[in-house]
Amino acid sequence: QVQLVDSGGGLVQPGGSLRLSCEASGSRYGSIFKYYIVAWYRQLPGKQRELFATFVAGGGTSYTDSVKGRFTMSRDNVKDLMFLQMNNLKPEDTAVYYCHADPKPGFVDSTKVWGQGTQVTVSS
């Protein structure tokens, strides 16, 4: 069973940076990036969980306007690791951050996988 563990959250001042990590394990078919769409979600205080960054076809990335130019996704296909570099953090970025793996159409295992979440607090 594929599992995700995200980490790296913490308290940071406005304008600061953090790097979140997401480690996948349990894949029976090699790298999860071949069979899953991997993305980052966050849940702002009092709000529903929302998608803000995802890998797209061809290995590229896509971001919402709120984080574009400040957040960058990367991955290690061999180690099944995903990273989120967060720069110029703002108080409105305060949220619980989750990595997520959504099986691609036709994959034998249709179970969506979530990390447990890591808290990011941006405050002076």
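What this report covers is the structure whose coordinates are included nearby. Computed from a predicted structure; not experimentally measured.

A few words now on the sheet that holds strand β7 (residues 71-76). Here we have 4 strands laid out as an open sheet, ordered β1-β3-β8-β7, and antiparallel in their pairing. Taken across any chain shown, the strands that pair with only one partner, and hence form the sheet edges, are β1 (3-7) and β7. Direction aside, the axes of adjacent strands within the sheet are offset by 15° on average. Here 5 bridges tie β1 to strand β3 (residues 18-25), and the two strands are oriented antiparallel to one another. Following the sheet pairing, Leu4 is matched in β3 by Ala24.

Here we take up the side chain of His100. Relative to the helices and strands, His100 is located in strand β9 (residues 95-103). His100 gets classed as buried once you look at its relative accessible area, which sits at 4%. For His100, the residues in contact, after removing those within four places along its chain, are Leu4, Ile37, Val38, Ala39, Tyr41, Lys112, Val113 and Trp114.

By the element assignment, Asp80 lies in the loop between β7 and β8 (81-86). One buried charged residue, Asp80, forms no salt bridge at all, with the nearest opposite charge on Arg75 at 8.4 Å. There is a polar contact of 3.3 Å between the side chain of Asp80 and the backbone nitrogen of Ile32. Dropping the residues within four chain positions of it, Asp80 is found in contact with Cys22, Glu23, Ala24, Ser27, Gly30, Ser31, Ile32 and Phe33.

Along the chain, Asp109 falls in the loop between β9 and β10 (113-114). In this view, Asp109 contacts Tyr36 and Pro103; residues no more than four positions away in its chain are not counted. A distance of 3.1 Å separates a polar atom in the side chain of Asp109 from the backbone nitrogen of Thr111.

Turning to the state of the cysteines, a few remarks are in order. Tallied over the full model, the rule gives 1 disulfide. Residue pairing for Cys22: its cysteine sulfur links by disulfide to Cys99, the two sulfurs lying 2.1 Å apart. One disulfide, between Cys22 and Cys99, carries an S-S torsion of 70° and so falls in the right-handed class. Here the residue Cys22 occupies a position in strand β3, and Cys99 occupies one in strand β9, the gap between them amounting to 77 residues. Taken as a pair, Cys22 and Cys99 share a single burial class, namely buried.

Here is what the cut-offs are and how they apply
Residues numbered from 1 in each chain as written. Predicted model: local features only at pLDDT ≥ 70, side-chain atom pairs only at ≥ 80, totals over all residues. Heavy atoms only, no water. Pairing = 2+ DSSP bridges. Helix = DSSP H or I, 4+ residues; strand = E, 2+ residues; numbered from the N terminus. Axes fitted to C-alpha atoms, helices over the stretch in contact; angles between N-to-C directions. Buried < 20%, exposed > 50% of the residue type's maximum accessible area, 1.4 Å probe, protein only. Contact = heavy atoms within 4.5 Å. Lys, Arg positive; Asp, Glu negative; His and termini not counted. Salt bridge = Lys/Arg side-chain N within 4 Å of Asp/Glu carboxyl O. Polar contact = N/O pair within 3.5 Å; in protein donor to acceptor, adjacent residues only side chain to side chain. Disulfide = S-S within 2.5 Å.

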